[in-house]
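Okay, here's what each chain looks like letter by letter:
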Amino acid sequence: FFSVMIAGLMGIMLAISTVSAISSSYQKSAEQAASQLDFMASSYHTWLTTANDLIISLESDEVVQEFCGCQENSGTSYQQKYTDLSNFLQNYLYVNSDVNFISVINDKNGEYVIRGKNSITRSKFDMVYAKNYEKSQYAKRKGVLRMDYGNEYYGGEKYTVTFYLPVYSITTVGKQMG
């Protein structure tokens with residue numbers, strides 16, 4: 001009888017310690033998951049802020065302003081602005097390894113310059129840009145920065161986060177140029 005009682009108590013203690021270990025493990029897992037989610041949210045916020053700052057710095061560059069302020073879409077002056085912007089964007093891609101492609105569109109004449117690490121043909125860009133812009137969402141509650149996540153630019157082969165930001169004049173407040 002005494003040994004049955006000892007075995008019963010050991011069984012109860014084993015059950016209690018097992019439940020306690022499972023409960024402690026579950027609580028630690030939940031805390032660890034919450035910590036990882038906090039880290040991911042913080043990393044996303046930092047990434048989005050950095051992307052926003054880089055995009056805004058592009059907007060204010062003299063080469064971008066000159067291209068977007070250009071009325072004509074042919075001639076020596078236009079070609080020089082196009083070439084300058086093309087070189088600027090290529091250098092930007094070289095320095096920013098996370099960027100797959102970049103484009104600047106002139107609102108006045110409809111012309112654009114696109115540069116990328118992978119080939120995106122002009123016809124492909126023309127077909128995808130308007131559709132993706134329409135389905136993009138505002139990246140922040142305030143502001144005009146929009147973003148989209150999709151694989152349309154690379155024909156379904158590669159997903160990208162695409163940012164859209166209007167180019168405003170640095171000399172005339174509120175004047176959208178591209």
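Note that the structure is predicted; figures quoted are calculated from it, not measured.

**Focus on the pairing of strand 2 (residues 112-116)**
Two faces, one strand: in a regular strand the side chains alternate between the faces of the sheet.
Okay, step 1: Where strand 1 (residues 101-105) and strand 2 come together, five bridges link them in antiparallel fashion. Across the sheet, the residue bridging to I102 is R115, located in strand 2.
Okay, step 2: Connecting the antiparallel pair strand 1 and strand 2 is a turn made up of six residues, with G110 showing a positive phi of about 75°.

**Considerations on a nonpolar patch on the surface**
Okay, step 1: Judged by side-chain polarity, Y44, W47, Y149, Y159 and V161 come together as a nonpolar surface patch covering roughly 540 Å² of accessible area.
Okay, step 2: Examined against the element boundaries, Y149 turns out to sit in strand 4 (residues 146-150).
Okay, step 3: With relative accessibility at 54%, the residue Y149 sits in the exposed group.

**Some remarks on the packing of aromatic side chains**
Okay, step 1: Enumeration according to the criterion identifies eight aromatic pairs in this entry.
Okay, step 2: Summarising the aromatic geometry, the rings of F101 and Y153 are spaced 4.8 Å apart at their centres and angled 50° between planes, so their arrangement reads as tilted. Of the two residues, F101 sits in strand 1 while Y153 sits in the loop between strand 4 and strand 5 (160-164), which places them 52 residues apart along the sequence. As far as burial versus exposure is concerned, F101 and Y153 are alike and both buried.
Okay, step 3: Taken together, the ring pairs connect F67, Y78 and Y82 into an aromatic cluster.
Okay, step 4: The residue whose ring lies beneath R146 is Y133, and the NZ or CZ to ring-centre distance is 4.9 Å.

**Examining the pattern of salt bridges**
Okay, step 1: For the structure on display, the rule yields two salt bridges.
Okay, step 2: The salt bridge involving D148 is made with K135; its shortest N-O contact spans 3.8 Å. Here D148, found in strand 4, pairs with K135, found in helix 4 (residues 122-135); they are 13 residues apart in sequence, far enough to count as distant.
Okay, step 3: For E152, the salt bridge goes to K135, with nearest N and O atoms at 3.1 Å. A residue pair is termed long-range when its members are at least 10 positions apart, and E152 in the loop between strand 4 and strand 5 and K135 in helix 4 qualify at 17 residues.
Okay, step 4: Residues joined by salt bridges that share partners form a network here, namely K135, D148 and E152.

**Some details on the confidence of the model for the protein chain**
Okay, step 1: When the pLDDT values of the protein chain are averaged, the result is 84; 96% of them are 70 or greater.
Okay, step 2: Element-level mean pLDDT values for the protein chain span from 79 in helix 1 (residues 2-59) up to 93 in helix 2 (residues 62-68).

**Describing the environment of L9**
Okay, step 1: With respect to the secondary-structure elements, L9 resides in helix 1.
Okay, step 2: A relative accessible area of 48% means that L9 is categorised as partly exposed.
Okay, step 3: For the pair L9 and R115, spaced 106 residues apart in sequence, the C-alpha to C-alpha distance is 74 Å.

**Comments concerning the pairing of strand 4**
Okay, step 1: Among the five residues in strand 4, four count as buried, and that is most of the element.
Okay, step 2: Pairing geometry for strand 4 and strand 5, over five bridges, is antiparallel. What sits directly across from G150, in strand 5, is T160.

**Remarks on helix 3 (residues 76-95)**
Structural remark: α-helix, 3.6 residues per turn; residues separated by three or four positions point the same way.
Okay, step 1: Given a rise of 1.5 Å per residue, 20 residues ought to cover 28 Å, and the 29 Å separating the end C-alpha atoms of helix 3 matches this to within 8%.
Okay, step 2: Here helix 3 has its buried residues at Y78, Y82, L85, S86, L89, Y92 and L93. Buried residues of helix 3, seen end-on, are gathered within an arc of 125° and therefore sit on one face of the element. Exposed positions of helix 3 whose direction lies more than 90 degrees from the buried face are T76, N91, Y94 and V95.

Conventions used here
- Residues numbered from 1 in each chain as written.
- Predicted model: local features only at pLDDT ≥ 70, side-chain atom pairs only at ≥ 80, totals over all residues.
- Heavy atoms only, no water.
- Pairing = 2+ DSSP bridges.
- Helix = DSSP H or I, 4+ residues; strand = E, 2+ residues; numbered from the N terminus.
- Patch = residues over 30% accessible without salt bridge, like charges linked within 9 Å, V, L, I, M, F, W, Y side chains within 5 Å.
- Areas by Shrake-Rupley, 256 points an atom, 1.4 Å probe, with all protein chains shown as cover.
- Salt bridge = Lys/Arg side-chain N within 4 Å of Asp/Glu carboxyl O.
- Buried < 20%, exposed > 50% of the residue type's maximum accessible area, 1.4 Å probe, protein only.
- Phe/Tyr/Trp six-rings, centres within 6.5 Å; stacked < 30°, edge-to-face > 60°.
- Lys NZ or Arg CZ within 6 Å of the ring centre and 35° of its normal.
- pLDDT = per-residue confidence, 0-100.
- Expected span 1.5 Å × (residues − 1).
- Arc of directions from axis to C-beta.

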